[in-house]
Amino acid sequence: MRTYKIAVMPGDGIGPEVVAGALAVLKAAEERFGFTTEKRHIAGGANDYLKTGKLFADYADELSECEAILFGSMGDPRVTPGILERGYILAMRQDFQQSANVRPVRLYPGVETPIKNVTPENCDFVIVRENTEGSYVGQGSTVHEGTPNAVAMQESLNTRQGIERVVDYAFRLALGRRKKLTLCHKTNVLVAAGKLWQTTVNELAKLYPEVSVDYCHVDAMCFHMPLDPARFDVVVTDNLFGDIITDLGAVIQGGLGVSTSANVNLEGTHPSMFEAIHGSAPDIAGKGWANPAGSVLSLSLLLGHLGEGKAAAAIEAATVRVIGELKAMAGPEMGLNTAEIGQRIAELVAAGDYDTELIPDPLVSTLATLPASRRG
Ligand code: IPM
Ligand code: MG
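Residues numbered from 1 in each chain as written. Chains lettered and ligands numbered in written order. Predicted model: local features only at pLDDT ≥ 70, side-chain atom pairs only at ≥ 80, totals over all residues. Heavy atoms only, no water.

Visitor: Any chance you could break down unusual backbone geometry for me, citing the residues and the numbers?
Guide: Here Lys179, not a glycine, exhibits a phi torsion of approximately 60 degrees, which is positive. Along the chain, the position of Lys179 falls in the loop between α5 (160–175) and β8 (180–185). For Ala281, which is not a glycine, the phi torsion comes out positive at approximately 40 degrees. (Helix = DSSP H or I, 4+ residues; strand = E, 2+ residues; numbered from the N terminus.)

Visitor: Help me get a handle on the site of ligand 1, residues and values and all.
Guide: Near ligand 1 you find Glu85, Ile89, Arg93, Arg103, Arg129, Tyr136 and Asp243, and these make up its full shell. Between Arg93 and ligand 1, the recorded distance is 2.7 Å, taken from a side-chain N or O atom to an oxygen atom. A distance of 2.8 Å is found between an oxygen atom of ligand 1 and a side-chain nitrogen or oxygen belonging to Tyr136. The fraction of the free accessible surface of ligand 1 (320 Å²) that becomes covered by protein chains is 75%. Per-element tally for the shell around ligand 1: the top contributor is helix α4 (residues 83–95), with three residues. For the shell around ligand 1, the residue count by class is two nonpolar, no polar and five charged. (Near = heavy atom within 4 Å. Polar contact = N/O pair within 3.5 Å; in protein donor to acceptor, adjacent residues only side chain to side chain. Areas by Shrake-Rupley, 256 points an atom, 1.4 Å probe, with all protein chains shown as cover. Nonpolar A, V, L, I, M, F, W, Y, C, P; charged D, E, K, R; others polar.)

Visitor: Account for the packing of aromatic side chains, naming residues and giving values.
Guide: What the rule picks out here adds up to four aromatic pairs. Centroid distance Tyr4 to Phe35: 5.9 Å. Interplanar angle 70 degrees. Geometry classified as edge-to-face. Taken as a pair, Tyr4 in strand β1 (residues 2–11) and Phe35 in strand β2 (residues 35–41) lie far apart in primary sequence, 31 residues in all. A cation sits over an aromatic face here: Arg129 above Tyr136, 5.0 Å from the ring centre. (Phe/Tyr/Trp six-rings, centres within 6.5 Å; stacked < 30°, edge-to-face > 60°. Lys NZ or Arg CZ within 6 Å of the ring centre and 35° of its normal.)

Below, the structure written as structure tokens:
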């Protein structure tokens, strides 16, 4: 029997509710597809931090023993903003070298988008966000703080190696899709970093001649994404631009409730982490209003990453069917509460009652069958 060791870190706010939904679906998938998971539950988050002062570094060893991490969300009004975000999310991405943050932008059938003319047929692309460098390294300094002459400097770190590994990954993803790669940057203003990104893309393009390469400034990207999403297949970009444009992507695909992500360690030296894109939403925690679809879809990516492509595709298809049936994407009018949505997806997976044909080229299977790198 195939067995995987998975860390489960639900975190704060709506995190535990949505992760509970994902775990119900995991149980159904295990039974149907004949694999098991050994789960290690790790508290983490605000309550734990307020009680013990613990942050990611205190759990790194335990997490390292697992093959993948199912993550909820972190953030709590009782903790100074930044402590948990930096102390958990960014620390994990950087210390575990989860250098590719893969964020699919796909409008699923039946999901409402606020953007006119966006359809399931024209909206299916994936953003690969560099996840360990850029302005997220936290390098900066302030002088004359608190005076009228205050000066703050915030640096952006870009290394050839760091860029190359995500660009290479993006090319490989593109090979399994529509074979188009777009670099998103601001090379006309951030000339030093921009040049390194552009040069790296140009050089790797020679190794992947089947993939056509394009470039888009980040501001123009915000213009084209909602108006002409079909223009994009795989987009690769730096950490900060990726943070920003993936929120826009979430809007286009019908909201944060259905958006998901994989934080992939490309070298296999540490576990990868899978999370919905939404935050902890403390204002609605415990009300049952959160849509667990983002977390369930992150489970689908997790299983695809572990090589369980069939289970991954089944979960995606069942989730799509259930979210298509919901009246709204979140809130008390959704029709079903958080637990009921998770249960309903789990039931469909258990019964084999989903149509994988509805979702051609699921990203999850692409992850399961990623072609090898052509780098030396
Ligand atoms: C995200 C979030 C995080 C980020 C925050 C919570 C630190 O916005 O995953 O996109 O900026 O990366
Ligand atoms: Mg963000």
